[in-house]
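Now for the letters of each chain:
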Amino acid sequence: MAINCNLVSVIGLLLVLTLLQNPVTVAGQRNSGAALFTFGDSNFDAGNKQTLTKTSVAQGFWPYGKSRDDPNGKFSDGFIAPDFLAKFMGIPIEIPPALVPNVNVSRGASFAVADATLLGAPVESLTLSQQVRKFNQMKANWNDDFIKKSAFLIYIGANDYLNFSKNNPNADASAQQAFVTSVTNKLKNDISLLYSSGASKFIIQTLAPLGCLPIVRQEYKTGMEKCHEPLNDLAKQHNEKIGPMLNEMAKSAQGFQFTVFDFYDAIIRRTQKPSSYRLFMTNASCCGIGTHDAFGCGLPNVHVRLCEYQRSYLFFDGRHNTEKAQEMFAHLLIGADKNVIQPMNVRELVVYPVDENMTEEWVPTTPATVQARDSRSSSHGYESY
Amino acid sequence: MANPKPHLFSLSFFSLLLLHIPTVSFAQTLFVFGDGLYDAGNKQFVSSNRVDASFPPYGMTVGEATGRWSDGRIVPDYLASFMGIPHIPPILKGTADFSHGANFAIADATVLGSPPETLTFSQQVIKFSDSKNKWSAQARSEAVYLFYIGSDDYLSFAKNNPNPSDDQKQAFVNRVITAIEAELKVIYGSGGRKFAFQNLAPLGCLPAVKQANGNVQECVRLPSEMADLHNKKLLQLLVELSRQLSGFQYSFYDFYSSIQHRVINSKTYTFETGMAACCGTGSVNGTSCSTNNVCTKPGDYLFFDGKHLTQEGNLQVGHLMWGADPVVVGPNNLRELLVLPLNTSVMLAEIQEAMAAVSPKQIKIESLYDIKMQSEMENQWLSLVDKAVSFLI
């Protein structure tokens, strides 16, 4: 009799313990309760720039925002990728600019600022480390558990390389390498700062093929067919270092979780086969003037050409994507395969148990790894929950 | 367990809606109905008095007064350009080339009553019916029918009824909407399928109206309120017609919000002011536009005269109607309306209905992203997607 009672209570206890084990087992991507924080440059700036400068900023004016009739400081004709990603994550509001007073930051915020860099001191902007500092200053808005399970999306470095290229047009291979090393080291440092602040889930978006941005093609006079390859090269050198760097960080920091979104390839694919993505124009902008319509969108004294159907363009202005393209990127972020975002997509990252180390790592894409991936069985550690 | 179906649905449906043909659009014919906002020069043929729009400074930006109530192009002109066809000429100009459609709009047109020296909406539709053999049946069924009508009805109502009860307001709106419904059905009966509506501006914000009401700063409440009531009923009408009438397709552009934005935040939209007109006299230049009282830079103004937009204002509206998101123009923008195959509309109506059933609180048009799927509705919608996708070109 006594033994049965004990057994029952032990089983009962075990049952209760298993239920309490993993509160985040439900793949509740719609109501994950997590926030989305974004850091970086103008790609993710949700309206912060205007708080740092006295002059009016072009992105605060029509034709920016033309798809929603709402110029609001975002470099787009409407929403930017984080807004769509937030929606897919079950967050019911746009990700607001953290530097603007009285915004609702309960589900995350954007600390990104146009012109931001990793190195140096950009004018009327914030480096990534300064953005992290701002995040720390505002930490009282969220509790530590909330931060730990939230997603931190970072896109930074483009301005470092654009400036470097402009200032060092004849940099040789070793000078480039040295620069890339210093930039990526700073990125690693800044991500560590964020990790120390309590963040544990990082999404790093690789740099776009900078040489293919319409404003770059226009400024370097590459013509319609070509990109400015030296800048693509720099971007590639930078991007190659991201995955291995994060693998290392994951090994040495408890609970450090990350994924790398291959934005470079996403843009290249769209420039090479536009019609496959229902895009019509990928090498020139919808709004601007010049050979590639890339300059001056939103500026007061510039009479820009404005395309009539921005949804078929890849770029809205000289370097920022249209709302339609941003929506595509958000779809890739939330749910694409490892050839696009790895080692896991954002949906998987957000439900990955907090404080646990990842079982997978980032792998460079070679024909061998692609084959290995395809042939491997489909049971991954984190999917079996 | 992650359910990818809602995203698949929105993606597929959006793919359907975003058929992009680089050079040619399907519809090459545009018919325009309405009042002074869309009048391309009809007024001078029915008026025994001098028609201001036929003389400078009207047309100043394009170097020629054509009878358009603006310093330059009007919305139908921009939409025609985006469609790849020439500007649509006014029907009363006998010598014009109507191969791509005709413009029946005329200043001071109303839905109800019989005001002098103009054509009511019903008379415009009769004119269309009388002249419809100018165009093939196919052209008429593929054509876009564009409408902006009702503002003069509500401006008269507000003038004659300074303190109407809510019942009186609603009753008048109902009369206007019922009359509109009848005309739309006539056009539908002649083969028309693609109906594009610009809803009414917040009429109280027109400089002429503000001036007539003594108060220059704020928009006058009653005319704007009537416009708002009208706009809500109009959208309901279009949804209803899309269910009732097989093949009925529509585009509903929220002009009301566009004007509000530009009056309140003029500079954000590149205008120096959304209060005063460029041309005219009085506290906000709301009346008597002439060469003696016209501004030097119409592009800085939202309003050209007391009731009508500048070319710059019309250009922004054209862009919005043509290519903006459902939050501005829905369920299709003009570009999508043009290429929507003629027999997919039934699905749109069912989806609209399902949307309304799932989210009864929403009055505004929502993006199709926001369809909240209940699992029991999923299968029905998925089968609709299959049907819709089969029309993809």
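Residues numbered from 1 in each chain as written. Chains lettered and ligands numbered in written order. Predicted model: local features only at pLDDT ≥ 70, side-chain atom pairs only at ≥ 80, totals over all residues. Heavy atoms only, no water.

- For chain B, an unreviewed UniProt entry supplies the name Inactive GDSL esterase/lipase-like protein 25 and the organism Raphanus sativus.

- For chain A, the name recorded in an unreviewed UniProt entry is Inactive GDSL esterase/lipase-like protein 23, with Raphanus sativus as its organism.

Side note on the pattern of salt bridges
Thinking step 1. Scanning the model with the defined rule gives 23 salt bridges over all chains in all.
Thinking step 2. Across the pair Asp293 of chain A and Arg305 of chain A runs a salt bridge whose closest N-O atoms are separated by 3.4 Å. Pair noted here: Asp293 of chain A is in the loop between strand E6 (287-288) and strand E7 (305-306) and Arg305 of chain A is in strand E7, with a separation of 12 residues, a long-range link.
Thinking step 3. Residue classification places Arg305 of chain A among the partly exposed residues on the basis of a relative accessible area of 38%.
Thinking step 4. Between Lys232 of chain B and Asp228 of chain B there is a salt bridge, with the nearest N and O atoms lying 3.0 Å from each other. A residue pair is termed a helical-turn pair when its members lie 3 or 4 positions apart in one helix, as Lys232 of chain B and Asp228 of chain B do in helix H8 (residues 221-244) at 4 residues.
Thinking step 5. For Lys232 of chain B, a relative accessible area of 38% gives the class partly exposed.
Thinking step 6. In this structure Asp228 of chain B comes out as partly exposed when scored by relative accessible area, which is 28%.
Thinking step 7. One connected set of salt bridges, linked through shared partners, spans Asp166, Lys169, Arg221 and Glu225 of chain B. (Salt bridge = Lys/Arg side-chain N within 4 Å of Asp/Glu carboxyl O. Helix = DSSP H or I, 4+ residues; strand = E, 2+ residues; numbered from the N terminus. Buried < 20%, exposed > 50% of the residue type's maximum accessible area, 1.4 Å probe, protein only.)

Some points on the confidence of the model for chain B
Thinking step 1. Per-residue pLDDT for chain B averages 86, and the proportion of residues at 70 or more is 81%.
Thinking step 2. Across residues 388-393 of chain B, where pLDDT falls below 50, the model places 14 contacts with residues more than four positions away in sequence or in other chains. (pLDDT = per-residue confidence, 0-100. Contact = heavy atoms within 4.5 Å.)

Remarks on a nonpolar patch on the surface
Residues and elements named next belong to chain A.
Thinking step 1. Where nonpolar side chains cluster on the molecular surface, the patch consists of Ile289, Phe295 and Leu299 and spans about 230 Å² of accessible area.
Thinking step 2. By the element assignment, Ile289 lies in the loop between E6 and E7.
Thinking step 3. On the basis of relative accessibility, which here comes to 33%, the residue Ile289 falls in the partly exposed class. (Patch = residues over 30% accessible without salt bridge, like charges linked within 9 Å, V, L, I, M, F, W, Y side chains within 5 Å. Areas by Shrake-Rupley, 256 points an atom, 1.4 Å probe, with all protein chains shown as cover.)

Some points on the packing of helix H5 (residues 151-160) of chain B against H8 of chain B
Residue and element names in this part refer to chain B.
Thinking step 1. Viewed as axis vectors pointing N to C, H5 and H8 meet at an angle of 135 degrees, and their least axial separation amounts to 9 Å. Regarding the angle of H5 to H8, the classification is oblique. The two elements H5 and H8 cross, and the hand of that crossing is right-handed. Residue-level inspection shows Tyr154, Leu155, Phe157 and Ala158 of H5 in contact with H8, the latter providing Leu222, Pro223, Met226 and His230. (Axes fitted to C-alpha atoms, helices over the stretch in contact; angles between N-to-C directions. Parallel < 35°, antiparallel > 145°, perpendicular 65-115°, else oblique. Left-handed = near helix turned anticlockwise from the far one by under 90°.)

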